[in-house]
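# Descriptive structure summary
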Amino acid sequence: MTCQYIQNLINYGIDNGLISSEDEFVIRNQLMDIMKIYEWDESICCSSISDIDTILKLLVDDACERGIISDTTASKDLFDTKLMGILTPLPSEVNRVFRDNYSISPQTATDNYYDFSKKLNYVRAGRMKKDIRWQYNSDFGTLDITINRSKPEKDPRDIATAGCTKSSAYPKCQLCAENAGFAGNPNHPARQNLRPVSVKIYGEEWQLQFSPYGYYNEHCILFNKNHTPMIIDRAVFSKLFDATELFPHYFFGSNADLPIVGGSILSHEHFQGGRYTFAMEKAPAEFEFTMEDFPEISAATVKWNMSVIRLSSENREQLGDACGKILERWRHYSDESVGIFAETDGQPHNTITPIARKNGNRFICDLVLRNNRTSAERPLGIFHPNPKLHHIKKENIGLIEVMGLAVLPSRLVGEMEELKCEMLSGNIKNSVHSEWAIDILKRHTEFDADNADDILKQEIGAVFEDVLRDCGVFKRDTEGTAAFRRFIRSIQD
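Parameters at a glance
Residues numbered from 1 in each chain as written. Predicted model: local features only at pLDDT ≥ 70, side-chain atom pairs only at ≥ 80, totals over all residues. Heavy atoms only, no water. Helix = DSSP H or I, 4+ residues; strand = E, 2+ residues; numbered from the N terminus. Rg over C-alpha atoms; globule rule 2.2 N^0.38 Å. Contact = heavy atoms within 4.5 Å. Pairing = 2+ DSSP bridges. Axes fitted to C-alpha atoms, helices over the stretch in contact; angles between N-to-C directions.

## What about the overall build of the chain?
- Of the regular secondary structure elements, the chain holds 16 helices and 15 strands.
- Scaling as 2.2 N^0.38, a compact globule of 493 residues should have a C-alpha radius of gyration of about 23 Å, and the chain matches this with 25 Å.
- With respect to the three principal axes, the spread of C-alpha positions in the chain is 80 × 60 × 40 Å.
- Within the chain, residue pairs in contact and separated by at least 24 positions form 64% of the contacts whose partners lie at least 6 positions apart.

Here is the structure:
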């Protein structure tokens, strides 16, 4: 049967344009070598299997049964990526096709590249379908809620193996250009089927790829080809505007450059982007103001849980300068009355999460004010989810959450199912969710088996709304609003 499984993959590659029929014997021999098959069965039939997850599972399971790989999650992922690497064209060919498509239109280029990334199974479309998604209508727009189930859970055997594996500095991180074609190891994912495309940003070599586990439509990553740290400065706005000019149908944003309020990889400069409209983008202007030195700029605060300033203009240089001025002023801004300190003991705390997009000829940039100060009572961050919300969301709030999409841990799937049963039986056990569950039952006397799932989803959405509110540096009360206006006045002169 192994020969049949190999032929399934070859047929998939031909049918999806990854290889041609002229390549068949070479590809067959390479796959036979990986699968340790030394004779070819000429009697195999023509298979109708077209789903890549099914095709790869047959090969991976066969490799496990015959002792080629161990039966663990990491081993299987390393192996199926190795198989797909055999079908993956070289970077020169991928870039040539991307440039040809870009000459038609930027959207043609990204449409085809995204489809190609899915066919390669670099974008794990099958696994992404496992994510649980719903929406929550908040006071500030419709929030997106996602429980991430696409990334496989850590296998204890893989954790043990990783602990015994010598660490390597190659590639330096998971965003480095050297990841393309990398075989992976117990401490680093395989990337034989990764083929980033090259672009110029700010006169430098950058690369574009899609996220293997996208949280929204065409979730992409744009990264500096050189391993250089994340820095939010005046130049970052020019880089973001370059990106939106290259791909005007995408937004691009950067995580902040400080721990707690930044992303998970601060060591490598990168943006995230994609073709999706988040709730924050739809949020209306709340308080419009002018900036004396920048007459071509439209400026306003945004009606959003967090503290956001929106600037827009057709003049991208003036817009970049205005964004730079706000960044510089915020870096050194303190307001003790609302607990904002630019630095303590020499440690800087203020930074910005910027998000850029284009609308016709107009550039738009949302500046989300961030502060990463901690205290004895709030060691994970003062402008971070309140500890009472950690049973749902404890992790840092980065770019994606800032815009209104909650990325929640997979543990919640089992925990919510167990909690629901306890709530329906009236026997709520002592757990991190118990106080929250009791409060829900008090407010929802109609809670029953028919509506339990919907009520819990809405209550999780309400928690995320509170999470965003906690992360706002200027709270949405009278005192916070007045403090925000004071900061606005400081940037107007």
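Back to the write-up after that little detour.
## A look at the sheet that holds strand E15 (residues 405-408)
- In space, the 3 strands of this open sheet follow the order E1-E2-E15, with mixed pairing throughout. Here the strands that pair on one side only, and so sit at the sheet edges, are strand E1 (132-138) and E15. The mean angle between the axes of side-by-side strands here comes to 20°, regardless of whether they run parallel or antiparallel.
- Looking at chain direction, strand E2 (residues 141-147) and E15 are connected through 4 bridges and run parallel. Looking across to E15, one finds that Ile145 is bridged to Ala406.
- Each of E1, E2 and E15 is contacted by helix H15 (residues 452-471), which is oriented at about 65° to E1, the strand it contacts most.

## Digging into the sheet that holds strand E5 (residues 220-224)
- Across the sheet, 10 strands lie side by side as E3-E4-E5-E7-E6-E13-E14-E10-E9-E8; this open sheet has antiparallel pairing. Two strands lie at the open edges of the sheet, namely strand E3 (197-201) and strand E8 (285-289), each paired on one side alone. Each strand axis lies, on average, 25° off the axis of its neighbour in the sheet, ignoring direction.
- Contacts from helix H6 (residues 106-119) reach E3 and strand E4 (204-210) within the one sheet, and its direction differs from that of E4 by about 55°.

## Let's talk about the environment of Asn187
- Counting through the fold element by element, Asn187 comes out in the loop between helix H8 (156-164) and E3.
- Sequence separation between Asn187 and Ala74 is 113 residues, and the spatial gap between their C-alpha atoms is 9.3 Å.

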